[in-house]
Amino acid sequence: MSATGILVIGSNSYTGATFVAHALARGHKVVGVSRSDELNPVFLPYRWGPADCLKRFSFLRMDLNEKAEEIAQLARDRDLGYVANFAAQSMVAESWLTPVHWYQTNVVANVRLHEALRKWDGVKKYLHVTTPEVYGSCSGVVKEDAPYNPSTPYAPIVTGK
């Protein structure tokens, strides 16, 4: 199998780390990027698998707020045509305390990243992971095409509404 290059932004998050594990298990080459140092392996599912999988993984500490263009350049330089973005401020309660910080990360930094990536013809797929909070307070099954109904400062920030 030819290894597909995947850039995972927010690779330290629970869902980001799980996605990395999934991609490595399927033979892909993965570069993980996060604003903080790599967590203890107990929190990183990709560290639990076979050691040979880790030969296809590298990690870089890069903060999306500070280095959006450099992260896009990393994708170009390493030919990582698949980008999965799990990077976001995601604690809803704290979004009420510092909404400007949430806006900076979840909107401004991501727009800078998207602007840099859209200028590169090498992007094959871009996956932007958001939150169910964009649908507001819900119960039961919520379908992906349900109308947005954000109820916190965090939710409209990640949807652009």
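For the structure itself, look to the data block above.
Now for a description of the structure that goes with this document. (Residues numbered from 1 in each chain as written. Predicted model: local features only at pLDDT ≥ 70, side-chain atom pairs only at ≥ 80, totals over all residues. Heavy atoms only, no water.)

**Considerations on helix α3 (residues 64–77)**
- The largest bend in α3 is about 35 degrees, located at E70.
- Of all the residues in α3, the buried ones are L64, N65, A68, I71, A72, L74 and A75.
- On its buried face, α3 is in contact with β1 (5–9), β2 (29–34), β3 (57–61) and α5 (99–118).
- A side-chain oxygen of the first residue of α3 lies 2.8 Å from the backbone nitrogen of N65; this N-cap is D63.
- A positive phi of about 55 degrees marks D79, the residue just after α3. (Bend = angle between axes of the 7 residues up to and from the residue. Helix = DSSP H or I, 4+ residues; strand = E, 2+ residues; numbered from the N terminus. Buried < 20%, exposed > 50% of the residue type's maximum accessible area, 1.4 Å probe, protein only. Contact = heavy atoms within 4.5 Å. Polar contact = N/O pair within 3.5 Å; in protein donor to acceptor, adjacent residues only side chain to side chain.)

**Focus on the pattern of salt bridges**
- In the structure shown here, the tally under the stated rule is 5 salt bridges.
- Where E69 meets R112, a salt bridge forms, and the shortest distance between an N and an O atom there is 2.6 Å. A residue pair is termed long-range when its members are at least 10 positions apart, and E69 in helix α3 and R112 in helix α5 qualify at 43 residues.
- We classify E69 as partly exposed; its relative accessible area is 36%.
- With its nearest N and O atoms 2.7 Å apart, the salt bridge here joins E115 to R118. Here E115 and its partner R118 are both found in helix α5, 3 residues apart, which amounts to about one turn of the helix.
- In the salt-bridge network here, residues are joined through shared partners; they are E115, R118 and K119. (Salt bridge = Lys/Arg side-chain N within 4 Å of Asp/Glu carboxyl O.)

**Some thoughts on the layout of surface pockets**
- Of the voids in this model, the largest pocket is the one considered here, and its volume is about 490 Å³.
- Those elements that place two or more of their residues in the lining of the largest pocket are α3 and α6 (154–159).
- Its residues assigned to classes, the lining of the largest pocket shows 11 nonpolar, 12 polar and 2 charged. (1 Å grid on protein atoms, 1.4 Å probe; cavity = no way out; pocket = protein on both sides within 12 Å on 5 of 7 lines; lining within 4 Å. Points joined across faces, edges and corners; volume = space filled by probe spheres on them. Nonpolar A, V, L, I, M, F, W, Y, C, P; charged D, E, K, R; others polar.)

Any functional reading would require information beyond the geometric quantities listed.
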